[in-house]
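# Per-entry structural report
Here is what each chain is made of, one letter per residue.
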Amino acid sequence: MAEIVRMPKLSDTMTDGVVAKWHKKVGDKVKSGDLLADIETDKATMEFESFQDGVLLHIGVPEKSAVPVDSIIAILGKEGEDISEILNSKLEIKNDTASIKNESINTKNDSSHLISNIQNLTLPKSIEVVRMPKLSDTMTDGVVAKWHKKVGDKVKSGDLLADIETDKATMEFESFQDGVLMHIGVEEGKSVPVDSVLAILGKGDENMNDVLAAVNSTPAKGAKQEETKTATSSTAAPTKTSELTQSSSNDGGRIKASPLARALAKEKGIDLSKVKGSADNGRITKADIENYKPSASASKTSTPSVQGAESFVDEPVSQMRKVIAKRLLESTNGAPAFYLNIECDMDNAIASRNSINSIPDTKVSFNDLVIKACAAALRKHPRVNTSWMGDKIRSYGHIHIGVAVAVEDGLLVPVVRFADQKSLSQISAEVKDLGKRAKDKKLQPSDWEGNTFTVSNLGMFGIESFTSIINTPESCILSVGAIRQVPVVKNNMVVPGNTMMLTLACDHRTVDGATGAAFLQTLKTFIENPVMMLV
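Here's a quick rundown of the structure. (Residues numbered from 1 in each chain as written. Predicted model: local features only at pLDDT ≥ 70, side-chain atom pairs only at ≥ 80, totals over all residues. Heavy atoms only, no water.)

### Let's talk about the overall build of the protein
Test applied: Helix and strand definitions here come from DSSP, where helices need a minimum of 4 consecutive H or I residues and strands a minimum of 2 consecutive E residues; each element is numbered from the N-terminal end. A 1.4 Å probe rolled over the protein chains alone gives each residue an accessible area, and that area as a share of the maximum for its type sets the label: buried under 20%, exposed over 50%, partly exposed in between. In this analysis, two residues are considered to be in contact whenever any of their non-hydrogen atoms come within 4.5 Å of each other. In these tables, accessible area is a Shrake-Rupley quantity obtained with a 1.4 Å probe, and a residue counts as shielded only by the protein chains included in the view.
What the protein contains, in helices and strands, is 12 helices and 27 strands. Considering the protein as a whole, with its 535 residues, one finds that 47% of them fall into the buried category. Expressed as a percentage of contacts within the protein between residues at least 6 apart in sequence, the contacts between residues at least 24 apart total 64%. Only carbon and sulfur atoms are counted for the fraction: they give 52% of the accessible area of the protein, which is about 27800 Å².

### Concerning the pattern of salt bridges
The test is simple: Salt-bridge detection follows one rule: a side-chain nitrogen of Lys or Arg within 4 Å of a carboxyl oxygen of Asp or Glu.
Taken as a whole and assessed by the stated rule, the structure comprises 15 salt bridges. A salt bridge links Asp345 to Lys490, with the nearest nitrogen and oxygen atoms 3.2 Å apart. Of this pair, Asp345 sits in strand S18 (residues 337-345) while Lys490 sits in strand S26 (residues 476-490), and the two are 145 residues apart along the sequence. Residue classification places Lys490 among the partly exposed residues on the basis of a relative accessible area of 30%. One connected set of salt bridges, linked through shared partners, spans Glu343, Glu464 and Arg484.

### Some remarks on helix H3 (residues 208-216)
We count it as follows: For this quantity, the arc is that covered by the directions from the helix axis to the C-beta atoms. We define a polar contact as two N or O atoms separated by no more than 3.5 Å, with the added condition that, inside protein, one atom must be a possible hydrogen donor and the other a possible acceptor, whereas residues neighbouring each other in sequence contribute only through side-chain atom pairs.
Residues of H3 that are buried include every one of Met208, Val211, Ala214 and Val215, and no others. Buried positions in H3, seen along its axis, are confined to an arc of 125 degrees and lie on one side of it. Along H3, exposed side chains directed more than 90 degrees from the buried face belong to Asn209, Asp210 and Asn216. By the N-cap criterion, in which a side-chain oxygen at the helix start approaches the backbone nitrogen of a residue two or three places on, H3 is capped by Asn207, the distance to Asn209 being 3.0 Å.

### What about the sheet that holds strand S21 (residues 401-403)?
Heads up, the condition is: Pairing between strands is defined by DSSP: at least two bridges between the two strands are required.
The strand order across the open sheet built from 6 strands is S18-S27-S26-S25-S21-S24, with neighbouring strands paired in mixed fashion. Lying at the two open borders of the sheet, with one neighbouring strand each, are S18 and strand S24 (415-416). Bridge count between strand S25 (residues 453-457) and S26: 4 bridges; the pairing is parallel. Among the inter-strand pairings, Thr454 is bridged to a residue of S26, identified as Ile477.

### Structural notes on the sheet that holds strand S11 (residues 154-155)
Short version of the rule: The convention used is that axes are lines fitted to C-alpha atoms, helices contributing only their stretch in contact, and that angles between N-to-C directions extend from 0 to 180 degrees.
Spatial ordering of the open sheet is given by S9-S16-S14-S11, a layout of 4 strands whose pairing is antiparallel. For this open sheet the edge positions go to strand S9 (128-131) and S11, each flanked by a neighbour on one side alone. Where S11 and strand S14 (residues 179-184) come together, 2 bridges link them in antiparallel fashion. Along S14, the bridge assignment pairs Lys154 with Val180. On the sheet, H3 packs against S9, S14 and strand S16 (197-202) and is oriented at approximately 135 degrees with respect to S16.

### Quick notes on empty space enclosed by the protein
Selection rule: Put plainly, a pocket is an open set of points on a 1 Å grid over the protein atoms alone with protein on both sides within 12 Å along at least five of seven lines, a cavity is a set where a 1.4 Å probe fits but cannot get out, and a lining residue has an atom within 4 Å of a point. Grid points are joined across faces, edges and corners, and a volume is the space filled by probe spheres set on the points.
For the structure shown, the criterion picks out 1 cavity of 30 Å³ or more. Considering only enclosed or pocket space, the largest cavity measures out at about 40 Å³ in volume. In terms of lining residues, the largest cavity is bounded by Met346, Ala349, Phe366, Leu369, Val370, Met500, Ile527, Pro530 and Met533. For the lining of the largest cavity, the leading source of residues is helix H9 (residues 366-380), giving 3 residues.

### Focus: the nonpolar core
A general tendency of soluble globular proteins is for nonpolar side chains to be buried together. Applicable threshold: Each nonpolar core is a collection of buried residues, namely Ala, Val, Leu, Ile, Met, Phe, Trp, Tyr and Cys, held together in the definition by side-chain atoms within 4.5 Å.
Ile401, Phe453, Leu478, Leu502, Leu523 and Ile527 are the most contacted members of the largest nonpolar core, which has 47 residues in total. Broken down by element, the residue count for this core peaks at 9 residues, all from H9. Those residues in contact with Ile401, other than ones at most four positions away along the chain, are Ile371, Cys374, Ala375, Leu378, Pro414, Val415, Val416, Ala419, Asn451, Phe453 and Val455.

### Points about the packing of aromatic side chains
Convention followed: Stacked, tilted and edge-to-face pairs are distinguished by plane angle, under 30 degrees for stacked and over 60 for edge-to-face with tilted covering the rest, among Phe, Tyr and Trp rings (Trp via its six-membered ring) whose centres lie within 6.5 Å.
Applying the stated rule across the entire model yields 1 aromatic pair. Taking the centre distance of 5.6 Å and the plane angle of 55 degrees together, the rings of Phe453 and Phe519 count as tilted. One end of the pair, Phe453, is in strand S25; the other, Phe519, is in helix H12 (residues 513-528), and 66 residues separate them in sequence. When sorted by exposure, Phe453 lands in the same class as Phe519, which is buried.

Geometry only, nothing functional implied.
The following block contains the structure:
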């Protein structure tokens, strides 16, 4: 599936960006961590890095050309993929944007008196206010993971100021100008909304009381920013396949590495200066960190606990965990859920899986069988493949199944799209790929958006049965337990057997008890007789 790459907005004053140089051409294969282009903003030139693999199908902006924020600059996908619909849709987006820009003129006129009042509290020309940038489409808050400068330090354009943690990644944040760091507005580990004051730069002799008073009297999201948001909201990208990493080089002691490589090195305690980069210009990638072998003398030490001593550790909440908490709280408070249980005889499924896996280069899991069975059952029970939209119920003609994957920081749900149209081997290969990329933190928003039904499997941990929280706005989520060897009754005789418990959580606004029960009956039939899924 083709992915659209858009021009991001990385500073408060950025309305357009210039593609200074393309590092790839149409038809080139692109790997995660490869440089796509150099992007020139109103303050600096930065590297634009791909976070996914694919083929560069389209370049939408020639070198040295400027385009507005959120404009399509490239399209990535599979070789030979048809992107004509995406290219045709660009005309509609331009027309919609033009009309919104005309409407924004009224907003600008209405707010002119507000801007005039704000300008009465003019900051000294030497003062630069650094605000929390919006680094992804879903980012509402950012955490300052680490400050690389302290108050009083001299800062040059291109110097690393801080590491910013978003809801998707940890990225470097560079200074766009020279000056002295006069004020730090956010402590390390603290979360603040986008556009909040991060820092203030100046010459070093300004009166900070007057400066702070002027800054605090100016709304964090003033009329000018609201106008920009209005003008660009129609072209906001629902997905994002690339993230910006600030330009860095070995000049002045800086090490060139991707944000993912830096985060992984920090996690593993690896000194980047000792790692040799394999990418362009000696750039360090995630693969370089994973393949790095430290010297034999390096070892980890731990402090033994003292018997009888009470202790605890407060761990800052990651942005991923915050998003998970928010989404699940919305689901539990908003969806009136009920739960249905059914037990499946797994003897035939075990035999079928063994037969399939006897084929060379083929290996499917029981979870793959469940996903395929769910897709087939959803086709027969479309009422379960729905979403509650407030004033309407949306029934989907397609079947996209989310597969819950546990990662270090929480839980991700990558999506197997059009699962009913794929074979078991295709589903197996896709689930393995999505699971690996989820644990490597290489998934893109397009990989976890759009699911119409979700499967959560804890059977590999020996959990016999459990209930899951519905992943809104879906109507249902299936919980899959472990396969157990138990005595069963067959032909009026008690014999050894294998069973598996399934639990379906349903949103009662869209799925009634009888509807959910009928779906589970069909699902049970498919799982107990896998050959029926092929008919």
